[in-house]
Amino acid sequence: MKPFDSLETPAIPLALANVDTDQLIPARFMKRPRSEGYGPFLLHDMREGPEGPVANPLDDPRRAGAAVLVARRNFGCGSSREAAVYALADFGVRCVIAPSFGDIFASNAVKNGLLPARVSEEDAEALLGSAWVEDGRALRVDLAAQTVTAGNLVVAFAIDPVWKTQLLNGWDDIDLTLAERPAIARFRERDAAARPWAGLAPGD
Amino acid sequence: MAVKKAAAVARTPPENRTIIDKLWDAHAITTREDGTSLLWIDRHLLHEGSFHAFDQLAKRGAGVAHPELTFGIADHYAPTRGRDGSVANPEIARMLDQLSANTARHGLRLIGLRDPRQGIVHVAIPEQGLTLPGLTVVCGDSHTSTHGAFGAFAFGIGASEVAHVLMTQTLWQKRPHRMRIVVDGPLGPGITAKDVALTIIARIGADGAQGCAIEYAGSAVRALSMEGRMTLCNLSIESGGRLGLVAPDETTFAWLRGRPFAPQGAAFDAAAEDWRELASDPDAAFDREASFSGVEIAPTVTWGVSPEHAAPIDATVPDPARIADEGRAQAVRDALAYMDLRAGMRLDEIRIDRVFIGSCTNSRIEDLRAAAAVLAGRKAAAPGLVSPGSSAVKRQAEEEGLDRIFREAGLEWVESGCSMCVGMNGDIVPAGERCASTTNRNFKGRQGPGSRTHLMSPAMVAAAAVTGRLTDARALLAGREVVG
Ligand code: SF4
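Residues numbered from 1 in each chain as written. Chains lettered and ligands numbered in written order. Predicted model: local features only at pLDDT ≥ 70, side-chain atom pairs only at ≥ 80, totals over all residues. Heavy atoms only, no water.

By the naming in an unreviewed UniProt entry, chain A goes by 3-isopropylmalate dehydratase and is assigned to Alsobacter metallidurans. Within the UniProt record for chain A, the comment given under Subunit (unreviewed entry) is "Heterodimer of LeuC and LeuD." Heading Sequence similarities (unreviewed entry) of the UniProt record for chain A holds this comment: "Belongs to the LeuD family. LeuD type 1 subfamily." (UniProt positions renumbered as here; feature names shortened; annotations may be inferred.)

Next up, the structure:
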């Protein structure tokens, strides 16, 4: 996983609450392998109407190359589909700023090097309403300092400390777990005696 | 990675633990100083969407650590018609084949499309006795919270976590906040677990339980059947909860006894002794509490595009002009525009084009009985689909003659699967149509691009089918008996 340090990029203002993962990537696009790229399907039904493309903040040329998205509360609620994070990442988004996130979405995001930056409702509104963001000027996201800077506006964000370390270092859970093999073996022994009803035999 | 072990894990005193603490402590292999624990996973469930995780395994050349604890099941893409022949749609056939190939490669048990045990993962797996009190259960599906009905610690995970469980049978997790939702007093006649759940979500919000594990308690919860408890726990994710659970009791044990993968005979009795100990201690403290009065809960429907957009059937569509908070007012305006509704109109004036009875929320035998009680001897004014939650539920319903009631009303009786809940198998609500649905998500486009969804209980969907508009089912149930 690529370590996350800081970003300087325009931001996409998405002034919506409860942006669920069904909207982030509609179910019908989830049959493809990741290698084909999920970016074109990000928020597909908001960007494409029955009569062709619809004006929307993602495809605004002023914000070409934007790697930050700002939204309202409960971003990424709903389905556990990691494809929602793949769609954001493949589109080029590396950080979503919102007052709150669906738990599974946020965890999926971190595992893919995407920063879910939690700000207050007021700060989210300030960013969404700022001319700086609207004009597509670059804002700066600094993970170590936990700040977002858009011109004169400086906003602090929250991130779970464990996730922060993981993102800063680009760490992967698996290596960490494999180092715990002896502890897992000890647990298994204890557990078999404590919960004899929990196991299953192989086969049918 | 440098990780500090917690020197002395700060634990709640042993006599003051919630069921959430007890389950957590029993599965924590090791805990880091930052409070993250490595949890042992007892049951891992897979479906067609798990291919991303298998692709990750293939990339690493890794195998499955505990194949005996993992079960695959075909549900999300399962065709609901013409199942005897080959699957007509090549893309869907590929999704099903991929699951078979991946499970076979790693020696995992699969409940495939034509297996008599097939069904929606959260309906069919408990039927097999694979979900037990005191277990951790995970699946790459957010409604895994359903299994909490048995007193299991059950939660949905993403594809990277699925890969991690396959490779290690463990997961790193942050300890959730503990939330207790108490529903006391009797529920009124015709009020179901679905009405309770929608009432809770409307009050606490779609993010009201974010970061929390919820214990549902109180006399109304205790009085629910296992089917009702599964519906309630299923919808925990729609209030943002990581999981929801109910302490196991005699209702749980009676339902589980004799199920194929449950302990049998004396082993079951011994297990039940342990399971009784899981209940929260009387003085256990929760981080958050919310309480509801059962008698005040009315038949509830959604009008908008989030499950929190729910209200009693005799209410009206909210008026954004009366909402002070601009962000919230705009969300309501946006929802009304998408749903094509007028502010202030009565909910029971809303006309529907289609109905759907199914999904892991409401497709169990009780749900079908409740819908059939409304539909018996009546005709549906709108077309619709009834998809039982599992092949076993389908057989049972047919034995009871429920399929005949649905067919005679003019509804289609099909095979089990996720079907119109998510439309992956091609069962969709056409663009612009309005569907009264027993499912769990009224998100924009959830049931198909441009679809409009109103969530409600099976009896309420059946009532909407009869009148062609959202309707208080109690009026149509008067004098009729609903078999529990
Ligand atoms: S029925 Fe719907 S909510 Fe349930 S597992 Fe299937 S797609 Fe998910």
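### A short note on helix H14 (residues 402-409) of chain B
Residue and element names in this part refer to chain B. By the burial criterion, the buried members of H14 are Leu402, Asp403, Phe406 and Ala409. Summarising the axial view, the buried residues of H14 lie within an arc of 135°, below the 170-degree limit, and thus occupy one face. Contacts made by the buried residues of H14 are with strand E15 (354-357), helix H12 (365-375), strand E16 (384-386), helix H13 (391-399) and strand E17 (412-413). Within two residues after H14, glycine 410 carries a phi angle of roughly 105°, on the positive side. (Buried < 20%, exposed > 50% of the residue type's maximum accessible area, 1.4 Å probe, protein only. Helix = DSSP H or I, 4+ residues; strand = E, 2+ residues; numbered from the N terminus. Arc of directions from axis to C-beta. Contact = heavy atoms within 4.5 Å.)

### Describing the interface of chain A and chain B
It is common to report an interface's size as the accessible area lost on association of the parts. In this complex, chain A contributes 62 residues to the contact, which on the side of chain B involves 75 residues. Summing the contributions of chain A and of chain B, the shared interface buries around 5400 Å²; its carbon and sulfur component is 56%. Among the residues chain A hides against chain B, the three largest losses belong to Lys31(A), Trp197(A) and Leu200(A). Together they make up 16% of the total. Where chain A packs against chain B, one counts eight salt bridges. Along the contact surface separating chain A from chain B lie 28 residue pairs in polar contact (both at pLDDT 80 or more). For the side of chain A that touches chain B, the element with the highest residue contribution is helix H9 (residues 181-194) of chain A, accounting for seven residues. Taken together, the residues that form the side of chain A that touches chain B break down as 25 nonpolar, 14 polar and 23 charged. (Buried area = accessible area lost by both parts, 1.4 Å probe. Salt bridge = Lys/Arg side-chain N within 4 Å of Asp/Glu carboxyl O. Polar contact = N/O pair within 3.5 Å; in protein donor to acceptor, adjacent residues only side chain to side chain. Nonpolar A, V, L, I, M, F, W, Y, C, P; charged D, E, K, R; others polar.)

### Digging into unusual backbone geometry
Despite not being glycine, Asn18(A) has its phi angle at roughly 55°, a positive value. Tracing the backbone through its elements, the reader meets Asn18(A) in the loop between strand E2 (11-14) and helix H1 (21-24).

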